[in-house]
Amino acid sequence: MNRRGGEPFLVRDTVTASPPKHPDELVRLERLYDLGVLDTEAEERFDDLTALAAQICDTLHDLVFLFDAERQWFKSHRGLDACETDLSRSVCSYTILSPEVLVIEDTTKDPRTATNPLVTGEILMRFYAGAPLIGRDGFAYGALCVIDTKPRKLTDDQVRALERLAAQVVALLEAGVVIREREAALEQADTLKAEIDHRVANSLQQVAVLLRLQARHIVDEKAKEAVELAQLRLEAISSFHRTVSSLSDGYRVSLRDVIARLSGDLAEILPARVKLEQDIPDVQMAARSATGLALILNEFLANSQKYAFPDDRAGTVRLAGSVEDGIVTLVFSDDGIGWQGKLPEARSSGIGMRVIEASVESLSGEMDMSGEGGCTMKISFPLAAVQFV
């Protein structure tokens, strides 16, 4: 198929003796296969380079050959009515034997090409110039070549241009390898992280179960309550960990999605008569920072449920937030009875408040609370502090 104009360059069926193999052919082929390019679709970025080569050298045809064990396959070609040929027709097989550009000014006078079917056929190849595609390990993947139907010469500048274009072709070929290697490494890292997340969540759950069993045998009520609270918090952390993992790409997560999911789960601890409202900004944060926010939210909702709405009192818990000048501000509030004076006591000695304060510190943030006429918790932290993966 003639993809970019020019007269078709016919491939004949005549078979001639194959050119000599590369002295390290097996290693060369291994490097070629590592590229993962053979038999892929045409790409404009390669076509642009070969078209530029033909323009610079003022030739009719331009090709990028890659040399397999028994064929030469064309990644890019113009005017050649084939996608591959066997090596008996290959002139570029000679090109890959040397790091230098091979120029044959008149193919009828060169013993390497005089009997080649591409030279003796109906559409005559009278000129050939090929630059080897030398990879990073020093082996040639193939060649960038230009062909014409009449003898001609190349200037030194044209030869150098062909060399530079060949180097660009190699860079494109090898860039694909680097991308695939990085993708494979990221996939492995994601798999490992998912496995670690799963094991951490399971371990936390197992510890919570052990604490629950232990609490059954504790006689002292205060000690029993402390163990039960620790068990509940571990279960909450395990749940948060699974939630954040399911919402993130392994590294980043939406603040709005996390709070929406967690508040939905935690809303079950609120009485049915208490509404839950949300207005959280959609900002991205590191997944590892989300657990701190989850713990804060858990403690706030637990305290609202415990203190703010006694005696069938109805009300609203509101979760709101904003981002301004790189600072995230979250305001968790309820319109209950103000936690019945429990806030000062909680702030001085309660373990829940210590959990909140430690979580705020992990966000490099600040917190302010008010517990009269409803409870309001205001947390501010730099967005940059939670965006590092």
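So, here is what we can say about the structure in this document. From a predicted model like this one, the values you see are computed outputs, not experimental measurements.

1. A short note on the side chain of S380
Inference 1: By the element assignment, S380 lies in strand 13 (residues 376–382).
Inference 2: A polar atom in the side chain of S380 sits 3.4 Å from the side chain of T329.
Inference 3: In contact with S380, not counting residues within four places along its chain, are I327, V328, T329, G365 and E366.

2. Some thoughts on the nonpolar core
Inference 1: Judged by nonpolar contacts, the single largest core of 37 residues is most densely connected at L255, L330, F332 and M377.
Inference 2: Here this core gets nine residues from one element, more than from any other, and that element is helix 8 (residues 287–308).
Inference 3: Sequence-distant contacts of L330, that is, excluding residues within four places in its chain, are made with L255, I259, I280, L293, A320, G321, M377, K378, I379 and F381.
Inference 4: Counting residues in hydrophobic clusters, the runner-up holds 27 residues, among them L32, F127, A131 and V169.

3. Notes on the pattern of salt bridges
Inference 1: All chains considered together, the criterion is met by 11 salt bridges.
Inference 2: Linking R31 and D137 is a salt bridge whose minimum nitrogen-to-oxygen distance equals 2.7 Å. Taken as a pair, R31 in helix 1 (residues 25–35) and D137 in the loop between strand 5 (127–134) and strand 6 (140–148) lie far apart in primary sequence, 106 residues in all.
Inference 3: Residue D137 is classed as partly exposed on the basis of its relative accessible area, which comes to 46%.
Inference 4: E105 is paired through a salt bridge with K153; the nearest N and O atoms lie 2.9 Å apart. Here E105 is found in the loop between strand 4 (102–104) and helix 4 (117–120), whereas its partner K153 is found in the loop between strand 6 and helix 5 (156–215), with 48 residues between them in sequence.
Inference 5: Judged by its relative accessible area of 36%, E105 falls in the partly exposed class.
Inference 6: Overall, the relative accessible area of 60% leaves K153 in the exposed class.
Inference 7: Each of E30, R31 and D137 takes part in a single network of salt bridges with overlapping partners.

4. Some words on the packing of aromatic side chains
Inference 1: Summed over all chains, the structure comprises one aromatic pair.
Inference 2: Residues F300 and F332 carry aromatic rings whose centres are separated by 5.9 Å and whose planes lie at 55° to one another, so their mutual orientation is tilted. One end of the pair, F300, is in helix 8; the other, F332, is in strand 11 (residues 327–334), with 32 residues separating them in the sequence.
Inference 3: The exposure class assigned to F332 is buried, which follows from its relative accessible area of 1%.
Inference 4: Against the face of Y94 rests R112, its NZ or CZ located 6.0 Å from the ring centre.

5. Quick look at the sheet that holds strand 8 (residues 274–279)
Inference 1: Here we have five strands laid out as an open sheet, ordered 8-10-11-13-12, and mixed in their pairing. A single partner strand is all that each edge strand has here, and the edge strands are strand 8 and strand 12 (366–370). For this sheet the average axis-to-axis angle between neighbouring strands, irrespective of direction, equals 10°.
Inference 2: By the bridge criterion, eight bridges tie strand 10 (residues 315–324) to strand 11 in an arrangement that is antiparallel. Of the residues in strand 11, the one forming a bridge with S322 is T329.
Inference 3: Running at roughly 20° to strand 11, helix 8 makes contact with strand 8, strand 10, strand 11 and strand 13 of the sheet.

About the criteria used
- Residues numbered from 1 in each chain as written.
- Predicted model: local features only at pLDDT ≥ 70, side-chain atom pairs only at ≥ 80, totals over all residues.
- Heavy atoms only, no water.
- Helix = DSSP H or I, 4+ residues; strand = E, 2+ residues; numbered from the N terminus.
- Polar contact = N/O pair within 3.5 Å; in protein donor to acceptor, adjacent residues only side chain to side chain.
- Contact = heavy atoms within 4.5 Å.
- Core = buried A, V, L, I, M, F, W, Y, C linked by side-chain atoms within 4.5 Å.
- Buried < 20%, exposed > 50% of the residue type's maximum accessible area, 1.4 Å probe, protein only.
- Salt bridge = Lys/Arg side-chain N within 4 Å of Asp/Glu carboxyl O.
- Phe/Tyr/Trp six-rings, centres within 6.5 Å; stacked < 30°, edge-to-face > 60°.
- Lys NZ or Arg CZ within 6 Å of the ring centre and 35° of its normal.
- Pairing = 2+ DSSP bridges.
- Axes fitted to C-alpha atoms, helices over the stretch in contact; angles between N-to-C directions.

Interpretation in functional terms is not warranted from these geometric data alone.
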